[in-house]
Amino acid sequence: MPSQDLTPVPPAPDTAADTAADVAPETWAGVHRGPLRAGEWVRLTDTKGRRHNICLEQGKRFFTNRGSIDHDDLIGRPEGFTVTSSVGGEYLVFRPLLSEFVVSMPRGAAVVYPKDAAQIVAMADIFPGARVVEAGVGSGALTCSLLRAVGPHGRVSSYERREEFAEVARRNVTQFFGGEHPAWQLTVGDLVEALPGGDGTGTVDRAILDMLAPWECVDVVADALTPGGIVCVYVATTTQLGRVVETLRAHGGFTEPQPWETLVRDWHVEGLAIRPGHKMIGHTGFLVTARRMAPGEKAPTKKRRPAPGAYGVDYQGPRPAGLPPAVAEESYDD
Ligand SMILES: C[S@@+](CC[C@H](N)C(=O)[O-])C[C@H]1O[C@@H](n2cnc3c(N)ncnc32)[C@H](O)[C@@H]1O
């Protein structure tokens, strides 16, 4: 779906004056309840599944290729209804979900898609009150999921080295939550330089990396994480995957890294015609998690021998401790 220039919605009246200490956690979920109000975004979906995001304004009219719809016909109604345009086109009206918002919001950089954000929240065990470090912020898509999971009493410290992307993220996150989320701290800077002075050593519960060269951040993240903390890395390519896994292994202060990916396939279900859908969300990226050991502790080394040639003379990356030296005859051709 094409992205649109969504300008920030002013804070909802029930959140503007609140602080983290006195708001109910659901206030910072980015969810509005009750009748649709002017200033809110709604999503109109036509009978072919085409979607339009509009910001409601009193007296305004929305034009489609199937006639027009007056915003005033939507304002004041509870979401979840069908509106008919001036020429009889039918549109379903709902407030956008987080998973819908992140794929249609303005982008500075590629976003983490909802299928991966869900995996990150679950498998990196992001919990209410958690202290999370995130880099890079990009467009702020993952940030929204992290903030939702930690709630107003947690902390998401986000680092982004490009000022212009940080600005896009700030607008997106503020728009989604309807104001400045009390748990969010956005720092413009490179994680490797900014993290050591930013978040206290050994106090971070979870570190999430989505960037080109996450292996460069392994040392600072290891210093920032609390024992038992989790590092979770999202990478797009197999070469990045190999390098970050080997760097985590070679560091020695993490458990064996766990790499995986998810593929999502929808299904067609109609009477006796039940079959996989024609489209699927295939490769988006790979995820890796590892847990931080206590200071001075090492995880047991893997008992299984590496595959022949895995660390042979052609392998140029970081070498985990305890490997026999590379020998010329070890190769994938053996
Ligand atoms: C793919 S984008 C992140 C997308 C983001 N997770 C989202 O869901 O919208 C990668 C970002 O990492 C930033 N970046 C790369 N290396 C970085 C570093 N060492 N410290 C901070 N930001 C970094 C880039 O500028 C870029 O904006």
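Located above this text is the structure these notes cover.
Residues numbered from 1 in each chain as written. Predicted model: local features only at pLDDT ≥ 70, side-chain atom pairs only at ≥ 80, totals over all residues.

K.L.:
Can you tell me about helix α3 (residues 141-150), naming the residues and giving the values?
P.N.:
Of all ten residues that make up α3, ten are buried, and the element is covered over most of its length. When α3 is considered as a whole, its buried residues turn out to be Ala141, Leu142, Thr143, Cys144, Ser145, Leu146, Leu147, Arg148, Ala149 and Val150. Phi turns positive, to about 75°, at Gly151, one or two residues after α3. (Buried ≥ 20, exposed ≤ 12 C-beta atoms within 10 Å, placed from the backbone. Helix = DSSP H or I, 4+ residues; strand = E, 2+ residues; numbered from the N terminus.)

K.L.:
I'd like a rundown of the pairing of strand β6 (residues 90-94), residues and numbers included.
P.N.:
Covered by surrounding structure in β6 are Tyr91 and Val93 only, the residues Glu90, Leu92 and Phe94 on the alternate face being uncovered. Note: strand β1 (residues 41-46) against β6, four bridges, orientation antiparallel. Note that in β6 the partner of Thr45 across the bridge is Leu92. Direction of pairing for strand β5 (residues 81-84) relative to β6: antiparallel, over a ladder of four bridges. (Pairing = 2+ DSSP bridges.)

K.L.:
Go over the sheet that holds β5, please, and point to the residues and values.
P.N.:
Pairing within the open sheet is antiparallel, and its four strands lie in the order β2-β1-β6-β5. Of all the strands in the sheet, just β2 (51-55) and β5 have a single pairing partner and so form its edges. Pairs of neighbouring strands in the sheet enclose a mean axial angle of 35°, with direction left out of account. (Axes fitted to C-alpha atoms, helices over the stretch in contact; angles between N-to-C directions.)

K.L.:
Break down the site of the ligand for me, citing the residues and quoting the values.
P.N.:
Of all residues adjacent to the ligand, which total 23 residues, the nearest are Val112, Gly136, Gly138, Ala141 and Met211. Taken together, the elements giving at least two residues each to the shell around the ligand come down to α3, β8 (155-160) and α5 (191-198). Among the residues making up the shell around the ligand, the classes are represented as 14 nonpolar, four polar and five charged. (Near = placed C-beta within 6 Å. Nonpolar A, V, L, I, M, F, W, Y, C, P; charged D, E, K, R; others polar.)

K.L.:
Help me get a handle on the nonpolar core, residues and values and all.
P.N.:
Among the nonpolar cores identified, the biggest contains 64 residues, and Ile120, Leu146, Val150, Ala207, Ile208, Val221 and Val231 are the most heavily contacted of them. Non-local contacts of Leu146, meaning those with residues more than four positions away in its chain, are made with Ile126, Val132, Glu134, Val156 and Ile208. Leu36, Trp41, Leu74 and Val93 belong to the second largest nonpolar core, which has nine residues in total. (Core = buried A, V, L, I, M, F, W, Y, C linked by C-beta atoms within 7 Å. Contact = placed C-beta atoms within 7 Å.)

K.L.:
So what's going on with helix α7 (residues 238-251)? Which residues, and what values?
P.N.:
When the terminal C-alpha atoms of α7 are compared, their 20 Å separation across 14 residues agrees well with the 20 Å that a helix rising 1.5 Å per residue should span. Buried residues belonging to α7 abut α6 (218-224), β11 (225-235), β12 (258-260) and β15 (286-291). Within two residues after α7, Gly252 carries a phi angle of roughly 90°, on the positive side. (Expected span 1.5 Å × (residues − 1).)

K.L.:
Give me unusual backbone geometry: which residues, what numbers.
P.N.:
In this model, Ala135 is joined to Gly136 through a cis peptide bond whose omega is -15°. Mapping Gly136 onto the fold places it in the loop between β7 (131-135) and α3. The backbone phi angle of Asp125 is positive, close to 55°, even though this residue is not glycine. Position of Asp125 relative to the elements: it lies in the loop between α2 (114-123) and β7.

K.L.:
Any chance you could break down the pairing of β1 for me, citing the residues and the numbers?
P.N.:
With five bridges connecting them, β1 and β2 associate as antiparallel partners. In the sheet register, Arg43 faces β2, and the bridge partner there is Asn53.

K.L.:
Break down the sheet that holds β8 for me, citing the residues and quoting the values.
P.N.:
What the seven strands build is an open sheet, ordered β9-β8-β7-β10-β11-β15-β12; its pairing is mixed. Either end of the sheet is taken by a strand with one partner, and the two such strands are β9 (184-188) and β12. The mean angle between the axes of side-by-side strands here comes to 15°, regardless of whether they run parallel or antiparallel. Sheet analysis places β12 next to β15, joined by three bridges and oriented antiparallel. Its bridge partner lying in β15, Trp260 is registered against Leu287. Where α7 meets the sheet, it contacts β11, β12 and β15, and its direction lies at approximately 5° from that of β15.

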